[in-house]
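Observations on the model geometry
What follows is the residue order along each chain.
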Amino acid sequence: MRTSGAAGKLATSGGRIVVDLDALVENHRLIARQAAPARAAGVVKADAYGLGAAQVAPALAAAGCRDFFVALLQEALDLKPLLPADADLYVLNGLAIGDEPLCAEAGVRPVLNSLEQARRWAETARTLGRPLPAALQIDSGMSRFGLSADEVAAFLAAPGFREAVDVRVVMTHLACAGAPDAPSNRAQLAAFRDLAGRFEGRPALSIANSAGSFLGPEFHGDLVRPGIALYGAAPSPGQAGLLRPVVRLEARVAQVRHIPAGAGVGYDLAFTAERPSRIATLAVGYADGWPRRLGGPSGKGAAAWFQGHRLPIVGRVSMDSMAVDATDLPPDALAPDALAEGDYVELIGPNAPLETVAEQADTIPYEILTGLGARLSRTYLRPETSRSPS
Ligand SMILES: *Cc1c(COP(=O)(O)O)cnc(C)c1O
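In this report, the structure presented in the accompanying data block is examined. If you're wondering where the values come from, they're calculated on a predicted model, not measured in any experiment.

**Details of the overall build of the chain**
The helix and strand inventory of the chain stands at 11 helices and 20 strands. Across the 390 residues that make up the chain, the buried fraction comes to 52%. Counting every atom, the chain has about 16,900 Å² of accessible surface; 53% of that belongs to carbon and sulfur. When the 37 basic and 41 acidic side-chain charges of the chain are each reduced to a single mean position, those positions are 2 Å apart.

Right, here's the structure in full:
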């Protein structure tokens, strides 16, 4: 299987992330089919949820995606040169005061989240002597970003805005999309429709993130905005197995040691061996984004995996390493060349799905993915090659 990426770093990093771009593109296709005739964007903020926007976004573009969302202008400026000229790139958080000219010159579109932001974008348009495209967000009930109903009315009543700001997308964001039965979903949809229907020029309407894309056709609008589902995590609990996993995380075995019964392991000697034990020290720790709480009882059974065998995490997770108990590996996995220094063990993968790891860490897959550190190597399986047998 051919891979690309930071290949030269593999031997020297403590762990590696393997990103299956084929699975990613398939997940995008699945959502696009589900949402059709609405278009499916790609949300690639936070460096494509930690996986590498410079790899992820072009892979989506090659598969036909033409609408991209990041959170910050800096992310957009980094990404813009890597996208096709006809792709649209939006900045979800809006612009910091004074960044408007930079954004306009780069051909990036802000999401206008307040009347004041709309006023500044209109002013930039007048300075440049041309209307400037943008998305406009309506707060339909989440109280995070977006114009209130009063602000929408003020925007529509001000001819200066409407001439200067070319509103291409009118969007909102759901607070409880992951809970399909939450009454707020329909309430937000109704509030949004009421306000969005007042815009002339037929801007694209956009409501749904990943989970929202599965709430039914009335939530699709013209453009859905999936993020986490592209990266393989089930948008809500009922949807496990629907999407293809995209991420594997593997830790390098830095040392394997035998310890007698009674020996303590790691900081605070939080684990004591009850029997003669084989302990493997892995070169991944909390500085790599592997949560410290996954060590010991708070880890709810978190483990590494080797050839399908479970290696429980024992003791504290350190900054740069953690210990796993390999005592129960069956004899064939204990052969002289098995589980040795230099081997890799699975931390996220078929035996340890991302959702399970997040659950064990008392968090959500988003936080696990975006926390994975810069010193882990990232390797990419390419759509055109990952199906080939070798
Ligand atoms: C992050 C984000 C998304 C994508 O959300 P997922 O739950 O990852 O699909 C969509 N829309 C907005 C406004 C966002 O902030």
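**Notes on the pattern of salt bridges**
Using the criterion set out here, one finds 22 salt bridges in the structure. Put simply, Glu116 and Arg119 hold a salt bridge, and the shortest N to O gap is 2.5 Å. Here Arg119 and Glu116 lie together in helix H6 (residues 115–128), a separation of three residues that amounts to about one turn. Look at Arg119 and you get partly exposed, because its relative accessible area is 32%.

**Considering the nonpolar core**
Ranked by internal contacts, the top residues of the largest apolar core, which has 120 residues, are Val44, Phe68, Phe155, Tyr231, Leu282 and Trp290. Ignoring anything within four residues of it in the chain, the contact list for Trp290 reads Leu249, Val284, Gly285, Ile313, Val317, Met322, Leu347, Ile348 and Val357. Ala263, Ala273, Ile279 and Val314 belong to the second largest nonpolar core, which has seven residues in total.

**What about the packing of aromatic side chains?**
Here the structure, examined in full by the defined rule, presents five aromatic pairs. By way of ring pairs, the aromatic residues Tyr49, Tyr231 and Tyr366 are connected into one cluster.

**Focus on the side chain of His220**
Residue position: His220 is located in the loop between strand E10 (204–206) and strand E11 (223–224). In this structure His220 touches Gln34, Ala35, Ala38, Leu205 and Ser213, once residues within four positions along its chain are discounted.

Conventions used here
- Residues numbered from 1 in each chain as written.
- Predicted model: local features only at pLDDT ≥ 70, side-chain atom pairs only at ≥ 80, totals over all residues.
- Heavy atoms only, no water.
- Helix = DSSP H or I, 4+ residues; strand = E, 2+ residues; numbered from the N terminus.
- Buried < 20%, exposed > 50% of the residue type's maximum accessible area, 1.4 Å probe, protein only.
- Areas by Shrake-Rupley, 256 points an atom, 1.4 Å probe, with all protein chains shown as cover.
- Lys, Arg positive; Asp, Glu negative; His and termini not counted.
- Charge placed at Lys NZ, Arg CZ, Asp CG, Glu CD.
- Salt bridge = Lys/Arg side-chain N within 4 Å of Asp/Glu carboxyl O.
- Core = buried A, V, L, I, M, F, W, Y, C linked by side-chain atoms within 4.5 Å.
- Contact = heavy atoms within 4.5 Å.
- Phe/Tyr/Trp six-rings, centres within 6.5 Å; stacked < 30°, edge-to-face > 60°.

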